[in-house]
Amino acid sequence: MRVLSFFCAVLVASPVLADGFDRPIPQAQSATAEFWFAVGSLGLIAALAFVQWLVARR
């Protein structure tokens, strides 16, 4: 039984089954994505300013 489990472990961990790593290629952002990123960034800044104003009032 030990021989069988050792054989299975070696077979599963063999590098023959492993694929090579393909580096992801970054895609260019579209103008629409940049617009929504800018809107989200401005919304985050506005929310932070609002929270600062609420905290400062107390």
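Participant: Please clarify how the packing of aromatic side chains should be interpreted in this entry.
Facilitator: Within a pair of aromatic rings, the relevant descriptors are the distance that separates the centres and the angle that separates the planes. Overall, the coordinates contain two aromatic pairs when judged by the stated rule. Taking the centre distance of 5.1 Å and the plane angle of 70 degrees together, the rings of Phe 35 and Trp 36 count as edge-to-face. Ring centres of Phe 50 and Trp 53 lie 5.9 Å apart, and the angle between their planes is 35 degrees; on these two criteria the pair is classed as tilted. One end of the pair is Phe 50 and the other is Trp 53, both in helix 2 (residues 31-57) and three residues apart, which spans about a single turn. Owing to a relative accessible area of 47%, Phe 50 belongs among the partly exposed residues under this scheme.

Participant: Any chance you could explain a nonpolar patch on the surface here in plain terms?
Facilitator: A cluster of nonpolar side chains, contributed by Phe 50, Val 51, Trp 53, Leu 54 and Val 55, occupies part of the molecular surface with about 490 Å² of accessible area. Within the secondary structure layout, Val 51 lies in helix 2. For Val 51, a relative accessible area of 45% translates into the label partly exposed.

Conventions adopted
- Residues numbered from 1 in each chain as written.
- Predicted model: local features only at pLDDT ≥ 70, side-chain atom pairs only at ≥ 80, totals over all residues.
- Heavy atoms only, no water.
- Phe/Tyr/Trp six-rings, centres within 6.5 Å; stacked < 30°, edge-to-face > 60°.
- Helix = DSSP H or I, 4+ residues; strand = E, 2+ residues; numbered from the N terminus.
- Buried < 20%, exposed > 50% of the residue type's maximum accessible area, 1.4 Å probe, protein only.
- Patch = residues over 30% accessible without salt bridge, like charges linked within 9 Å, V, L, I, M, F, W, Y side chains within 5 Å.
- Areas by Shrake-Rupley, 256 points an atom, 1.4 Å probe, with all protein chains shown as cover.
- Salt bridge = Lys/Arg side-chain N within 4 Å of Asp/Glu carboxyl O.

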